Amino acid sequence: MSLPLNLKAHKPWIETEYQGIVMENDNTVLLNPPLFALDKDAPLHYAGEICGFRVHNGPGGSGAAQFEAVVLDRSTGEGLVRSKEPLDCESQREHSFTIQAYDCGEGPDGTNSKKSHKATVHVRVNDVNEFSPVFVERRYEASIPEGRLFDRIVRVEALDADCSPQYSQICFYDIITPNVPFAIDNDGNIKNTEPLDSKKQRVHSFWVTAFDCGKNRAQADAQVVVTVKPSCKPGWIGWSKRVEYTPGSGSIPLFPSLHLETCEETVWNIQATVELQTGHIGKGCDRDSYSDRSVRRLCGAVRGEVDLLPPPSPAANWTAALPTLPSSDSSLVFSFNGSAHVAVVPDSVASMVSGDHFTLQLWMRRGGASTQPPANQARGTRKEEETIICSTVKNDDSYSHYSLSVHGCRLSLFYWPDVSAARPVKFLWKLEQVCDSEWHHLSLSVQFPSVTLYVDGVTFDPALIHDNGAIPNPAPRQRLVIGACWGIEKERETERGTVSVLLLSSGKFVGGYRGLLSGVTVRPGSVEPHSVVECLYACREGLDFGDLETLGSGMKVHVNPSQSVLVLEGDDIESFNRAVQQVTYRNSLRFATPGVRPLKLTTSLRCFSEESCLSLRQLEGYLVVLQPDAPQISLSGVGPHLARPAPEFESPRGVPLFPELRIVCSLSHAVNTAAQGMEGGALMSDAVAHTLDGCEVQPLGEELNPEKEELLVDMESLKEQGLDIINTTAYIAVTGAESISVYEDVLRSIRYRLAKGSARFERRFRLSCSEMNGRYTSNELTLEVNFLHSLDSLYHPSHLLASQQQFLHPSHHTGELSGHTLPNPHRNSVVPGAATVIIMVCVGFLVVMVILGVFRIRSIHRRGDGARGGGKEGGNQWDDSALTIIVNPMESIQCVYITAKSACFGFSVSVMSRDRRISIYPPLQPTGDV
């Protein structure tokens, strides 16, 4: 049986995948390979023909809605894929869908039509250069400083909406304004081709355009405006190299008009360090110029400290061999060279600092101009410990030992509570202050087992505390050494018994200290409060910040303990500039130490671009503290002469030397009189309350004779006031910082006493006072003390007294001297004074005048007798009538009375002044014809 002629037996066949391209301005898709559907039933009519293609949606949802496939030739199965509507590359560049072919079936109606498998079609939409470049901004602006070439001033940017790289990329830019000193590259970067001058042209304006790679020009050109700024130099503006400070001004701003210019460089962190160098002023800075003992009193420290390095004197001779250095603050500085310079404190002083509770305070500075390493120290060998103080003290029934040493940058306290039983303990501190060759104040409070260390008023905890283990015990013998320590001893049996010998044979002392020491004191008992320690060290000058409340957000301020370094840190330039202008210098001393303080400002900037970040140089200047108005200490109220009867000086209480003493301190300063309509300048003196720290009474001429004279002082009053006194035959000195009223009371109570039978006529004293450790001194007040003796005690021969009675005229004296107040109203007294020589010269001159007058009278008398025709035999004798001559030869002498008798047995002269009365006697012997 045969099949029907048009029976359908096979399905159509197409490729499994097609790649297609379509242009944006066309709808025909060019496929690769071309679209052909094959059917094995050909050449049968209908069954071997392709009637159509069906398009199915792909994964992206595109397909049937956007594309269609048509049959171009039914017999060959050729087909065509095309888009139903124009495609937009910018909206969707690629499309994917499936296609299926079907034949015509068994008849014209398509009965029993068969379909092929589904083939995937990928269509890519090719771009057409339909868009032109568009600039991101229509106007670009930039500012540059003049006189420089820049690689990039500003960058312009244009975009193209085409989807393909060929047409969407900007191939080049162009400046369409002619004759401008600028150039632009293909990336849109604009630079200047020559240095610009703001004086010639401040603003440059020009136009630029862009082209894509399809040579389409930008729809609209862009404008570029470049502003040329005057040259900008980054750095600090308003820096004043010299800053003056007038003592008594309190706090003054150091940089009132200073501000930072970054030339529009963006920074995110600014740090400025202000450093004030005061190491050359005293011990590191300007402090109270009183002695260490006086400063302790002013700070309220507990009394009872023992000075281990006092000024050399007969009573403190253990420091006499130590070299001293000058100090600007008038304190005594001792130098130690690590070998020969050692101070061995006597046992009498060492016994005053016994006990295991004490406070050790000192000023130290490692190194020094005169300190050299030992000659026997090999190069490269490790340095030994340098001992500052080494002490073995006797307690109630035991001995304790301690030593304070430095080794490199370490400070160590070796403490042995009981040398016969307990094991030693070592406290270690690692401190930069120990090895920086600067002055530092150390306060070590020991209340074993608690130990507190203050360095420059700041507390430091020990870095290490350890048991030193079993080492030879120190000998139980009280001793104290400064600048070294004695060698460790051991006992050795000898014929004489058990003796202690040094383990070290190189010398008596080991661990010599090399450096400077000052103010080494130990106070046994309770430890000093922290407030006292801070007061003792406190610098009266330093850096400070004006008002922390006005500090901007993000700003930080840090000041070191000595107030010599101030650090500012912030991120905002405006806030930073305001903060810098509030950095101040303060000096609370009324009489600040004048001189120069170097000043430095170091700035560090951090920028977003580290390569182009600014680098500012260090600024250096100096602060000048002007000379303060010197105080004028005036001593008054004491006359130049003090006359009292000798018995008053011989009384047990003596005679006060300065009973009406007045001390006044004043400041003289210039006054601007021009504003008051006055010509020239003037000085104004203001009385101020001051603190004196010493007065001295010194006998002039020979020293006091302890067997015949002495100065008496109320020791109880001095002790209550906390003042010290040095009473020797050469001077008496009262020291200690106290008010003027206290010193007035003390000086008014000083009395002078003579031993009975002392044949003295006068004694001169000089009084002077000072403050600020002798920096300012008073006027020197000289007092002449006259001792009034009776004539009966001076001249015993009776004929001298009788002769004087013959020539004295009391009636004349009583009438002429009624206006004077004499210390002793006794008429027959002798008062030798300081002006005795001058008075005797005047008296001699008067005697010559009297003799000349006598000759003149005698010659007139003889001429009268000759005119009457005869002379008498007795014409050459002195007239029996009295002659009185009263003269006023000098201002300081009120009257001089000269009385002569005609018998010419002699004459007497009495000289009266406001403070003295001198009689010259006995009468001269007869001279015959004078």
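Residues numbered from 1 in each chain as written. Predicted model: local features only at pLDDT ≥ 70, side-chain atom pairs only at ≥ 80, totals over all residues. Heavy atoms only, no water.

### Some points on the overall build of the chain
Consideration 1: On a plain count of helices and strands, the chain comes out with 12 helices and 64 strands.
Consideration 2: By the burial criterion, 42% of the 930 residues in the chain qualify as buried.
Consideration 3: Sequence separation of at least 24 residues holds for 68% of the intrachain contacts in the chain that already meet a minimum separation of 6. (Helix = DSSP H or I, 4+ residues; strand = E, 2+ residues; numbered from the N terminus. Buried < 20%, exposed > 50% of the residue type's maximum accessible area, 1.4 Å probe, protein only. Contact = heavy atoms within 4.5 Å.)

### Some remarks on the state of the cysteines
Consideration 1: Tallied over the full model, the rule gives 6 disulfides.
Consideration 2: Here Cys390 is linked by a disulfide to Cys485, with a sulfur-sulfur distance of 1.9 Å. Taken together, the positions of Cys390 in strand S27 (residues 386-394) and Cys485 in strand S36 (residues 485-486) put the pair 95 residues apart, joining distant regions of the chain.
Consideration 3: Residue pairing for Cys409: its cysteine sulfur links by disulfide to Cys435, the two sulfurs lying 1.8 Å apart. (Disulfide = S-S within 2.5 Å.)

### Let's talk about the pairing of strand S4 (residues 67-73)
Consideration 1: Pairing geometry for S4 and strand S5 (residues 78-83), over 6 bridges, is antiparallel. Paired with Val71 across the two strands is Gly79, which belongs to S5.
Consideration 2: With antiparallel pairing between neighbouring strands as the criterion, S4 and S5 make up a hairpin whose turn holds 4 residues, including Gly77 at a positive phi of roughly 75 degrees. (Pairing = 2+ DSSP bridges.)

### A look at the pattern of salt bridges
Side chains that differ in sign of charge can pair as their charged atoms come close.
Consideration 1: Overall, the coordinates contain 15 salt bridges when judged by the stated rule.
Consideration 2: In this structure, Glu386 and Arg366 form a salt bridge, with 3.5 Å as the shortest nitrogen-oxygen distance. Remark: Arg366 occurs in strand S26 (residues 357-366) and Glu386 occurs in strand S27; sequence separation between them is 20 residues.
Consideration 3: The class for Glu386 is buried, based on a relative accessible area of 5%.
Consideration 4: Judged by its relative accessible area of 14%, Arg366 is buried.
Consideration 5: Of the charged contacts, one joins Arg753 and Glu710 as a salt bridge, the two residues approaching to 2.4 Å between their closest N and O atoms. Of this pair, Arg753 sits in strand S56 (residues 751-754) while Glu710 sits in strand S53 (residues 709-712), and the two are 43 residues apart along the sequence. (Salt bridge = Lys/Arg side-chain N within 4 Å of Asp/Glu carboxyl O.)

### Side note on the sheet that holds strand S49 (residues 655-656)
Consideration 1: As summarised here, the arrangement of the 3 strands in space is S49-S56-S53, forming an open sheet in which the pairing is antiparallel. One side of each edge strand has no neighbouring strand; the edge strands of this open sheet are S49 and S53.

### Observations regarding a nonpolar patch on the surface
Consideration 1: Taken together, Phe845, Val848, Met849 and Leu852 make up a surface patch of nonpolar side chains, about 400 Å² in accessible area.
Consideration 2: Mapped onto the elements, Met849 comes out in helix H12 (residues 836-867). (Patch = residues over 30% accessible without salt bridge, like charges linked within 9 Å, V, L, I, M, F, W, Y side chains within 5 Å. Areas by Shrake-Rupley, 256 points an atom, 1.4 Å probe, with all protein chains shown as cover.)

### A look at the nonpolar core
Consideration 1: Membership of the largest hydrophobic core comes to 42 residues, with the highest contact counts inside it found for Ile482 and Leu517.
Consideration 2: It is S26 that provides the largest number of residues to this core, a total of 4 residues.
Consideration 3: Here Ile482 is in contact with Leu308, Leu309, Phe336, Val342, Ala343, Val345, Ile388, Ile389, Leu517 and Val520, once residues within four sequence places are set aside.
Consideration 4: Of all hydrophobic cores here, the second largest spans 37 residues; its members include Val638, Leu718, Ile732 and Leu781. (Core = buried A, V, L, I, M, F, W, Y, C linked by side-chain atoms within 4.5 Å.)

### Brief notes about the environment of Ala463
Consideration 1: Here Ala463 shows up in the loop between strand S33 (458-460) and strand S34 (464-467).
Consideration 2: Between the C-alpha atom of Ala463 and that of Leu411, which follows or precedes it by 52 residues, the distance is 10.0 Å.
Consideration 3: With residues up to four places along the chain from it excluded, the contact list for Ala463 reads Leu428, Trp429 and Lys430.

### Here's the deal with the side chain of Ser400
Consideration 1: Tracing the chain through its elements places Ser400 in strand S28 (residues 399-407).
Consideration 2: If near-sequence neighbours (up to four positions away) are discounted, Ser400 is found in contact with Gly355, Ser391, Thr392, Val393, Asn395, Tyr415, Trp416, Pro417 and Val419.

### Concerning the sheet that holds strand S43 (residues 565-570)
Consideration 1: Sheet architecture is open: 6 strands sit in the order S18-S46-S45-S21-S43-S42, paired in mixed fashion. In this open sheet, the two edge strands, each paired with only one partner strand, are strand S18 (242-245) and strand S42 (556-559). Sheet twist, expressed as the mean angle between neighbouring strand axes with direction ignored, is 20 degrees.
Consideration 2: Both S18 and strand S46 (residues 619-625) contribute to a ladder of 4 bridges, which runs parallel. Paired with Tyr245 across the bridge in S46 is Val625. (Axes fitted to C-alpha atoms, helices over the stretch in contact; angles between N-to-C directions.)

### Description of the confidence of the model for the chain
Consideration 1: The predicted model of the chain averages 77 in pLDDT, with 77% of residues at 70 or higher.
Consideration 2: The weakest mean pLDDT in the chain belongs to helix H11 (residues 810-816) at 35; the strongest belongs to strand S13 (residues 182-184) at 95.
Consideration 3: For the stretch residues 490-506, pLDDT sits under 50, and the model shows 25 contacts to residues farther than four places along the chain or on other chains.
Consideration 4: Across residues 866-930 the pLDDT falls below 50, and counting only partners more than four positions away or on other chains, this stretch makes 139 contacts in the model. (pLDDT = per-residue confidence, 0-100.)

### Topic: helix H5 (residues 573-580)
Consideration 1: Most of H5 sits inside the fold, with 6 of its 8 residues counted as buried.
Consideration 2: Of the positions making up H5, those classed as buried are Ile573, Ser575, Phe576, Asn577, Ala579 and Val580.
Consideration 3: Buried residues along H5 sit in contact with strand S17 (235-237), strand S20 (259-261), strand S21 (267-276), strand S41 (541-545), S43 and strand S44 (583-587).
Consideration 4: For H5, the N-terminal cap is Asp572; the gap from its side-chain oxygen to the backbone nitrogen of Glu574 is 3.4 Å. (Polar contact = N/O pair within 3.5 Å; in protein donor to acceptor, adjacent residues only side chain to side chain.)

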